[in-house]
Amino acid sequence: MVLLKSLKLPLNSNAIPFSLKGIDNKIYTLENFSNKPLVIIFTCNHCPYAIALWQRIINLNNRYNELNFVAINPNIHPKYPEDSFENMIIFAKTNNITFPYLVDDTQETAKLYKAQCTPDIYLYDKNHKLKYHGRIDDNWQNENLVKTHDLNDAIINLINGKEINPVQHPSIGCSIKWR
């Protein structure tokens, strides 16, 4: 398992259009998430970093109705059967994931977003301009030891029309399992 950091991307860049199947078998596009800020998380079912942060993502989704959340799994790889589409459905049901969980079975969307690791987290404003790309918080291993809530703080500032700190620490996680 290779540990990677998310790349530094230019803030205010546009979200990239996509068309991906969700675990509900519906096709989702960027337009499905218009008129609200959007959190996109490239993630999976098997990576220990992603697993450790899933509940925090779910909690943020439950806390902020004024945002759209979407998770995208680019790890459709024969060596990682726990990330299969079928297991995504089971994982979402087991973990009460109520926002769209999409499969990037060609891995093209992850490549276009320059996603590097799971999780790789992007926060866009309602016009789909990138405002935050970084970690959820400063302690992926133990939520009780978290001192800074980076993503939550960025969300609060975005909702309140305040500037988001341009110093953004990268997310860390397992490498995306490129084919």
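Worth saying up front: this structure is predicted, and the values here are computed from it rather than measured. (Residues numbered from 1 in each chain as written. Predicted model: local features only at pLDDT ≥ 70, side-chain atom pairs only at ≥ 80, totals over all residues. Heavy atoms only, no water.)

Let's talk about the packing of aromatic side chains
For any pair of aromatic rings, the description consists of the separation of the ring centres together with the inter-plane angle of the planes.
Thought 1: Summed over the entire model, instances satisfying the criterion amount to 12 aromatic pairs.
Thought 2: For the ring pair Tyr49 and Trp140, a centre distance of 4.1 Å and an interplane angle of 45° mean the geometry is tilted. Of this pair, Tyr49 sits in helix H1 (residues 48-63) while Trp140 is found in the loop between strand S9 (130-133) and helix H4 (150-159), placing the two residues 91 residues apart along the sequence.
Thought 3: Owing to a relative accessible area of 14%, Tyr49 belongs among the buried residues under this scheme.
Thought 4: Taken together, a centroid distance of 6.0 Å and an interplanar angle of 45° make the contact between Phe69 and Phe99 tilted. Residue Phe69 is located in strand S5 (residues 68-73), and its partner Phe99 is located in the loop between helix H2 (85-94) and strand S6 (101-103); the two are separated by 30 residues in the primary sequence. (Phe/Tyr/Trp six-rings, centres within 6.5 Å; stacked < 30°, edge-to-face > 60°. Helix = DSSP H or I, 4+ residues; strand = E, 2+ residues; numbered from the N terminus. Buried < 20%, exposed > 50% of the residue type's maximum accessible area, 1.4 Å probe, protein only.)

A word on the side chain of Ser171
Thought 1: Mapped onto the elements, Ser171 comes out in the loop between H4 and strand S10 (172-175).
Thought 2: Overall, the relative accessible area of 2% leaves Ser171 in the buried class.
Thought 3: Within the local environment of Ser171, its side chain forms a polar contact with the backbone oxygen of Pro119, the two atoms lying 2.6 Å apart.
Thought 4: Setting aside chain neighbours within four positions, we find Ser171 in contact with Leu4, Lys5, Ser6, Cys117, Pro119, Asp120, Ile121, Gly134 and Arg135. (Polar contact = N/O pair within 3.5 Å; in protein donor to acceptor, adjacent residues only side chain to side chain. Contact = heavy atoms within 4.5 Å.)

Digging into the sheet that holds S6
Thought 1: With mixed pairing, the 7 strands of this open sheet are ordered in space as S3-S2-S6-S5-S4-S8-S9. Edge strands, defined here as strands with exactly one partner in the open sheet, are strand S3 (27-29) and S9. Pairs of neighbouring strands in the sheet enclose a mean axial angle of 30°, with direction left out of account.
Thought 2: Looking at chain direction, strand S4 (residues 38-42) and S5 are connected through 5 bridges and run parallel. Paired with Ile41 across the strands is Ala71, a residue of S5. (Pairing = 2+ DSSP bridges. Axes fitted to C-alpha atoms, helices over the stretch in contact; angles between N-to-C directions.)

Read these as spatial facts, not as claims about activity.
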